[in-house]
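Single-letter residue listing:
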Amino acid sequence: MKKENLNDVVFGIRAIIETIESGKEIDKLLIQKGLSNDLIKQLVQLAKSHTIPFSTVPIEKLNRVTRKNHQGAVAFVSAIQYSSLDNVINEAYQKGKEPLLLLLDRVTDVRNFGAIARSAECAGVDAIVIPSRGSAAINADAMKTSAGALNYIPVCRADNLKTTIKYLKESGISVVACTEKTEKLIYDVDFNRPIAIVMGSEEDGISLEYLKLSDEVMKIPMTGKIESLNVSVSAAIACFEVVRQRGL
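Residues numbered from 1 in each chain as written. Predicted model: local features only at pLDDT ≥ 70, side-chain atom pairs only at ≥ 80, totals over all residues. Heavy atoms only, no water.

Draft legend 1. Up close: the sheet that holds strand 5 (residues 100-104). As summarised here, the arrangement of the 6 strands in space is 7-6-5-9-8-10, forming an open sheet in which the pairing is parallel. Of all the strands in the sheet, the pair left with one neighbour each is strand 7 (155-158) and strand 10 (216-218). Recorded for the sheet is a direction-independent mean angle of 25° between the axes of neighbouring strands. Pairing between strand 8 (residues 174-178) and strand 9 (residues 195-199): 4 bridges, direction parallel. Opposite V175, over in strand 9, you have A196 as the bridge partner. Those strands touched by helix 9 (residues 231-246) are strand 5, strand 9 and strand 10, and its axis lies near 160° from that of strand 9. (Pairing = 2+ DSSP bridges. Helix = DSSP H or I, 4+ residues; strand = E, 2+ residues; numbered from the N terminus. Axes fitted to C-alpha atoms, helices over the stretch in contact; angles between N-to-C directions. Contact = heavy atoms within 4.5 Å.)

Draft legend 2. Local environment of the side chain of R157. Inspection of the secondary structure puts R157 in strand 7. Separated by 2.8 Å, the side chain of R157 and the backbone oxygen of I26 make a polar contact. Within the structure, R157 has its side chain in polar contact with the backbone oxygen of D27 (distance 3.4 Å). With residues near it in sequence (within four places) discarded, R157 still touches E25, I26, D27, T51, P53, Y82, I130, P131 and S132. (Polar contact = N/O pair within 3.5 Å; in protein donor to acceptor, adjacent residues only side chain to side chain.)

Draft legend 3. Focus on the sheet that holds strand 3 (residues 54-57). Read across the open sheet, the 4 strands follow the order 1-4-2-3; overall the sheet is mixed. Two strands in the sheet have a free side with no partner beyond their single neighbour: strand 1 (9-11) and strand 3. Direction aside, the axes of adjacent strands within the sheet are offset by 20° on average. Examined bridge by bridge, strand 2 (residues 26-32) and strand 3 share 4 bridges and lie parallel to one another. In the sheet register, Q32 faces strand 3, and the bridge partner there is V57. Along the sheet face, helix 2 (residues 38-49) touches strand 2, strand 3 and strand 4 (73-77) and points at about 150° away from the line of strand 2.

Draft legend 4. A look at the pattern of salt bridges. This model, assessed by the stated rule, comprises 9 salt bridges. The residue R106 makes a salt bridge to D204 at a minimum N-O spacing of 3.0 Å. Here D204 lies in the loop between strand 9 and helix 8 (208-213) and R106 lies in the loop between strand 5 and helix 5 (110-122), a separation of 98 residues in the sequence. Given a relative accessible area of 27%, R106 falls into the partly exposed group. Owing to a relative accessible area of 47%, D204 belongs among the partly exposed residues under this scheme. Of the charged contacts, one joins E241 and R244 as a salt bridge, the two residues approaching to 2.7 Å between their closest N and O atoms. With E241 and R244 both in helix 9 and 3 residues apart, the pair spans about one turn of that helix. Overlapping salt bridges, with partners in common, bring together D105, R106 and D204 in one network. (Salt bridge = Lys/Arg side-chain N within 4 Å of Asp/Glu carboxyl O. Buried < 20%, exposed > 50% of the residue type's maximum accessible area, 1.4 Å probe, protein only.)

Draft legend 5. Geometry of the packing of helix 1 (residues 13-21) against helix 2. Where helix 1 contacts helix 2, the two axes come as close as 10 Å, and the packing angle between them is 25°. Judged by the angle between their axes, helix 1 and helix 2 are roughly parallel. Viewed along their axes, helix 1 and helix 2 form a crossing whose handedness is left-handed. For the pair helix 1 and helix 2, contact is made by I13, R14, I16, I17, I20 and E21 and by L39, I40, Q42, L43 and L46, respectively. When grouped by side-chain class, the residues that make up the contact of helix 1 with helix 2 number 8 nonpolar, 1 polar and 2 charged. (Parallel < 35°, antiparallel > 145°, perpendicular 65-115°, else oblique. Left-handed = near helix turned anticlockwise from the far one by under 90°. Nonpolar A, V, L, I, M, F, W, Y, C, P; charged D, E, K, R; others polar.)

Draft legend 6. Representation of the packing of helix 4 (residues 85-94) against helix 7 (residues 161-170) within the structure. Across the interface, helix 4 lies against helix 7 with an axial gap of 12 Å and an inter-helix angle of 25°. With respect to each other, helix 4 and helix 7 are oriented roughly parallel. Handedness of the crossing formed by helix 4 with helix 7: right-handed. Between helix 4 and helix 7, the contacting residues are L85, D86 and I89 on the first element and T164, Y167 and L168 on the second. Among the residues forming the contact of helix 4 with helix 7, the class breakdown is 4 nonpolar, 1 polar and 1 charged.

The following block contains the structure:
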């Protein structure tokens, strides 16, 4: 496990409880396996009520994050405040524009995420949607790589991307997946409508269930010997194809 910047980490049960109650956003919470005292129970209940993703892990994993007295709990503080997807969509419509969203399926590299945020903000994307679990931490490294874009572009956290995709479709937003597993080019997709573009993980692309749920699938044409682009580059190309078509 990569050691995190300690500026992004809060450890100690009471310190974490106070951090949550202060209104700060928590990316994820790690709790030592086997602990079940009253304070841990209070922390777990608080995490559930604030929809903070948490997991129970061996003490060795906590010790790799910090050697200080963590008391069996470590929290990773987000560098941003998360936004409501409902509010983002409503605001876009109120401004008279067709919403443009970017959904990231398990993009875990912090620098990739930061680069995606930078391109998305420059292209006028209304929000980036990420899953609560299995996504890059939004920390100081992500903020730096985004060149400050994460101060401006809303990021929405979804408990379940499958449910979110269904909700977007019910809201009149077309879901388009960017994958090499198709013959249709990005230039053949009509982006002059409400759109949510799905980008997949660095390891294996977009999950099959999300591909099946998508209204369309598209690919970026490749003529070289390497079969895929970095996800941040792919996201930038897709976003600016929308800009080109919309004449923004």
